[in-house]
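Listed here are the chains, written in short residue letters.
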Amino acid sequence: MFGFFSYSIIMAITPDPNNLMALQESRQHGFRGSMPFLNGLFVSFFILDFLAFFFTDFLKSISATAVLLMKILGSLYLIYLIMNLFRTKSDARGKQKIVSSNRQFWAGMLLNLTNVKVILYFL
């Protein structure tokens, strides 16, 4: 029981990519300009909730090999994200790109749907 509570507290107080990206979007575009991104996070939150609710029992019924495979795939995904983080280069002139609302919505949705922390929290 102690492990569960310590995990829950650590997960609740540490920032995740969703919080950091929401902060960045709000900083760049203001509150109204970041609303499409925040709406994408909101919609994907309920999609993840739905998927976690219906597939948790299915995950339990799969063999331990399938669970190990999911851990390996998750680790490879995190390594991929870290590599992309170090590869990106900032614009030397400091110009901001204008991003469409539709693209912001899908970026927020995709970010939340692939966020390992949110998926683990739901499971």
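Details of the structure are given in the entry above.
So, a few notes on the structure that sits alongside this text.

The rules behind the values
- Residues numbered from 1 in each chain as written.
- Predicted model: local features only at pLDDT ≥ 70, side-chain atom pairs only at ≥ 80, totals over all residues.
- Heavy atoms only, no water.
- Helix = DSSP H or I, 4+ residues; strand = E, 2+ residues; numbered from the N terminus.
- Buried < 20%, exposed > 50% of the residue type's maximum accessible area, 1.4 Å probe, protein only.
- Contact = heavy atoms within 4.5 Å.
- Areas by Shrake-Rupley, 256 points an atom, 1.4 Å probe, with all protein chains shown as cover.
- Patch = residues over 30% accessible without salt bridge, like charges linked within 9 Å, V, L, I, M, F, W, Y side chains within 5 Å.
- Salt bridge = Lys/Arg side-chain N within 4 Å of Asp/Glu carboxyl O.
- Phe/Tyr/Trp six-rings, centres within 6.5 Å; stacked < 30°, edge-to-face > 60°.
- Expected span 1.5 Å × (residues − 1).
- Bend = angle between axes of the 7 residues up to and from the residue.
- Arc of directions from axis to C-beta.
- Axes fitted to C-alpha atoms, helices over the stretch in contact; angles between N-to-C directions.
- Parallel < 35°, antiparallel > 145°, perpendicular 65-115°, else oblique.
- Left-handed = near helix turned anticlockwise from the far one by under 90°.

1. Quick look at the overall build of the protein chain
Argument step 1. When helices and strands are counted, the protein chain shows six helices and zero strands.
Argument step 2. Sequence-ordered secondary structure for the protein chain, helices as α and strands as β, is α-α-α-α-α-α.
Argument step 3. Burial analysis of the protein chain (123 residues in total) assigns 17% to the buried set.
Argument step 4. Put simply, of all contacts in the protein chain between residues at least 6 apart along the chain, 82% involve residues at least 24 apart.
Argument step 5. Total accessible area computed for the protein chain in this model is approximately 9800 Å², and 71% of it derives from carbon and sulfur atoms.

2. Regarding a nonpolar patch on the surface
Argument step 1. Taken together, the side chains of L68, L69, I72, L73, L76, I79 and M83 define a hydrophobic patch exposed on the protein surface, amounting to about 660 Å² of accessible area.
Argument step 2. With respect to the secondary-structure elements, L69 resides in helix α4 (residues 64-87).

3. Points about the side chain of S34
Argument step 1. Secondary-structure assignment places S34 in the loop between α2 (17-33) and α3 (35-61).
Argument step 2. Among the residues examined, S34 registers a relative accessible area of 0% and is labelled buried.
Argument step 3. If near-sequence neighbours (up to four positions away) are discounted, S34 is found in contact with E25, S26 and H29.

4. A look at the packing of aromatic side chains
Argument step 1. Under the definition given, this model contains three aromatic pairs.
Argument step 2. Their ring planes at 80° and their centres at 5.0 Å tell us that F42 and F46 sit as a pair that is edge-to-face. Remark: F46 and F42 occur in helix α3; sequence separation between them is four residues, near one turn of the helix.
Argument step 3. Overall, F46 belongs to the partly exposed group, its relative accessible area being 44%.
Argument step 4. Linked through ring pairs, F42, F45 and F46 together constitute an aromatic cluster.

5. Regarding α2
Argument step 1. Helix length check: α2, at 17 residues, gives a terminal C-alpha distance of 19 Å against a target of 24 Å (1.5 Å per residue), a shortfall beyond 12%.
Argument step 2. In α2, a bend of some 85° at R27 exceeds every other bend along the element.
Argument step 3. When we look at burial in α2, the residues that qualify are N18, A22 and E25.

6. Remarks on helix α5 (residues 101-113)
Argument step 1. Compared with an ideal rise of 1.5 Å per residue, which puts 13 residues at 18 Å, α5 spans 18 Å between its outermost C-alpha atoms and is within 8% of the ideal.
Argument step 2. Those residues of α5 that sit buried are Q104, G108, M109 and N112. An end-on view of α5 places all buried positions within 130° of arc, on one side of the element. Every exposed residue of α5 that faces more than 90 degrees away from the buried side is listed here: N102, R103 and L110.

7. With respect to the packing of α2 against α5
Argument step 1. Their axes nearest at 11 Å, the elements α2 and α5 cross at an angle of 165°. The angle between α2 and α5 falls in the class roughly antiparallel. With respect to the hand of their crossing, α2 and α5 are arranged in left-handed fashion. Across from P17, N18, M21, E25, H29 and G33 in α2, the residues of α5 making contact are Q104, L111 and N112.

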